[in-house]
Amino acid sequence: MIAIDNLQFGYGRHLLYDGFAACVEQPGIYGLFGRNGSGKSTLLKLICGLLTPWAGQLQVLGHKPRARAADLLASIYIVPEEFHLPNLTPTQLAATQGVFYPRFSVPRFREYLVELEVPPDTRFEAMSLGQKKKAAIAFALATGTPLLLMDEPTNGLDIVGRGQFRQLMQRPEHADRVVLISTHQAHDLESILSHVWFIDQGRLALSATMSDLAQRLHMGVARSADELSAVRGIVFQEPLGAHTAYVAARDGESQGPAGTVQLELLYKALSLSRDTLLAALPAGAKERE
């Protein structure tokens, strides 16, 4: 569905991507992570055709995105971090813009608005930023596009709103879509992601499923120095009050069944101890050359 090979792109004289490669072959919710300035938002814009690659190959649903083919535009939707909504009501938005997406579902849009507690007949100028963000998310989900891109979708949402977002993303009608979410809010999304991408130094340093990460890595908290010394294969650790949080390479069954992937801890490990952590993962999850 997405094939990127040897991609080059930058701004001015700054080369952001040099030899970037990535591939999406199956539906799922992909979490796109990376430090500030790593190019997460830029990648989403390249995928949907808002930016032009300098060099390399970029195919999305069989198209070159920058060609802006009508059938591709009807099959892809992006929710940017900074967005503008016309001064309409959500109902009017669906009536005027939903027609551009053949799979758009008005009944589901209404359901999503109810779930997110967004009034359908209130104009956007009278809404809070959080309500506008929820309306934009509801519209994006209702388009039914095979590919959905979201840049920091939980920014501006309160704790309840973030929970509502997670519930919507797990609905069965989204099971056959590719959803690529750029975020720093790792904890918000770890329960719904199927795949993790981590961008570092212009490359896709990590591409792995959550299940593979759970099988290969063990994450936990040691409450004493003795408890920490008993953990084998530690690839990253950090103080957590009087305790120590750690990421360790699993060594078969000795650490018990696969546990939960703590994305915030994984993010820190990849940012601060990338090479050591990647060495603990299978070759298919490591940086693509």
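Computed from a predicted structure; not experimentally measured.

J.: I'd love a proper account of the pattern of salt bridges, names of residues and values included.
T.: A side chain with one charge can pair with a side chain of the opposite charge if their charged atoms come near. The full count for this structure, using the stated rule, is seven salt bridges. Residues Asp200 and Arg274 are paired through a salt bridge, measuring 3.1 Å at the closest nitrogen-oxygen approach. Highlighted residues: Asp200 in strand E8 (residues 195–200) and Arg274 in helix H11 (residues 274–278), separated in sequence by 74 residues. For the pair formed by Asp200 and Arg274, the shared burial category is buried. Here Lys268 makes a salt bridge to Glu264, at a shortest N to O gap of 4.0 Å. Taken as a pair, Lys268 and Glu264 lie in helix H10 (residues 263–272) at a separation of four residues, close to a single helical turn. You can call Lys268 partly exposed: its relative accessible area is 27%.

J.: Describe the sheet that holds strand E1 (residues 2–11), with residues and values.
T.: Strand order across the open sheet formed by three strands is E2-E1-E4, with antiparallel pairing between neighbours. The open sheet has two free edges, formed respectively by strand E2 (14–24) and strand E4 (55–60), since each of these has just one partner strand. Taken over all neighbouring pairs, the strand axes of this sheet differ in orientation by 30° on average, direction set aside. One ladder, built from five bridges, connects E1 with E4; its direction is antiparallel. Each bridged residue has a counterpart across the sheet, and for Ile4 the counterpart in E4 is Leu58.

J.: Could you give an account of the layout of surface pockets, with specific residues and numbers?
T.: Gaps between atoms show up when a probe of the same size as a water molecule is rolled over them. Size it by volume and the largest pocket reaches roughly 480 Å³. Breaking the lining of the largest pocket down by element, the ones donating at least two residues are helix H2 (70–73), strand E5 (76–79), helix H3 (90–97) and helix H5 (129–142). No other element matches E5, which puts four residues into the lining of the largest pocket. Of the residues that constitute the lining of the largest pocket, the class distribution is 17 nonpolar, two polar and one charged.

J.: Before we move on, can you summarise the sheet that holds strand E9 (residues 203–209) with the specific residues and values?
T.: Read from one edge of the open sheet, six strands run E5-E6-E7-E3-E8-E9, paired in mixed fashion. Looking at which strands have only one partner, the edges of the open sheet turn out to be E5 and E9. Adjacent strand axes in the sheet meet at a mean angle of 15°, parallel and antiparallel pairs treated alike. Looking at chain direction, strand E6 (residues 147–151) and strand E7 (residues 178–182) are connected through five bridges and run parallel. Each residue of the ladder has a partner; that of Leu147, found in E7, is Val178. Contacts from helix H1 (residues 40–47) reach strand E3 (28–34), E5, E6, E7 and E8, with the element oriented near 150° to E6.

J.: Pulling in residues and values, what's your account of the state of the cysteines?
T.: Summed over all chains, the structure comprises zero disulfides. For Cys23, which is in no disulfide, the shortest distance to another cysteine sulfur is to Cys48 and amounts to 19 Å.

J.: Pulling in residues and values, what's your account of the environment of Ile137?
T.: As for its placement among the helices and strands, Ile137 is situated in helix H5. Spatially, the C-alpha atom of Ile137 lies 9.7 Å from that of Phe109, the residues being 28 residues apart in sequence. Non-local contacts of Ile137, meaning those with residues more than four positions away in its chain, are made with Met150, Pro153, Leu157 and Phe165.

J.: Report on the packing of aromatic side chains, specifying residues and quantitative values.
T.: Evaluated as defined, the whole model comprises twelve aromatic pairs. When the centroid spacing of 6.4 Å and the interplanar angle of 75° are considered together, the rings of Phe33 and Tyr267 count as edge-to-face. Of the two residues, Phe33 sits in strand E3 while Tyr267 sits in helix H10, which places them 234 residues apart along the sequence. Note on Phe33: relative accessible area 3%, which makes it buried. Note on Tyr267: relative accessible area 18%, which makes it buried. With a centroid separation of 5.0 Å and an interplanar angle of 40°, the aromatic rings of Phe104 and Phe139 are classed as tilted. In this pair, Phe104 sits in the loop between H3 and helix H4 (106–116) while Phe139 sits in helix H5, placing the two residues 35 residues apart along the sequence. Pair check on accessibility: Phe104 and Phe139 agree, each one buried. Taken together, the ring pairs connect Tyr77, Tyr101, Phe104, Phe109 and Phe139 into an aromatic cluster.

What counts and how
Residues numbered from 1 in each chain as written. Predicted model: local features only at pLDDT ≥ 70, side-chain atom pairs only at ≥ 80, totals over all residues. Heavy atoms only, no water. Salt bridge = Lys/Arg side-chain N within 4 Å of Asp/Glu carboxyl O. Helix = DSSP H or I, 4+ residues; strand = E, 2+ residues; numbered from the N terminus. Buried < 20%, exposed > 50% of the residue type's maximum accessible area, 1.4 Å probe, protein only. Pairing = 2+ DSSP bridges. Axes fitted to C-alpha atoms, helices over the stretch in contact; angles between N-to-C directions. 1 Å grid on protein atoms, 1.4 Å probe; cavity = no way out; pocket = protein on both sides within 12 Å on 5 of 7 lines; lining within 4 Å. Points joined across faces, edges and corners; volume = space filled by probe spheres on them. Nonpolar A, V, L, I, M, F, W, Y, C, P; charged D, E, K, R; others polar. Contact = heavy atoms within 4.5 Å. Disulfide = S-S within 2.5 Å. Phe/Tyr/Trp six-rings, centres within 6.5 Å; stacked < 30°, edge-to-face > 60°.

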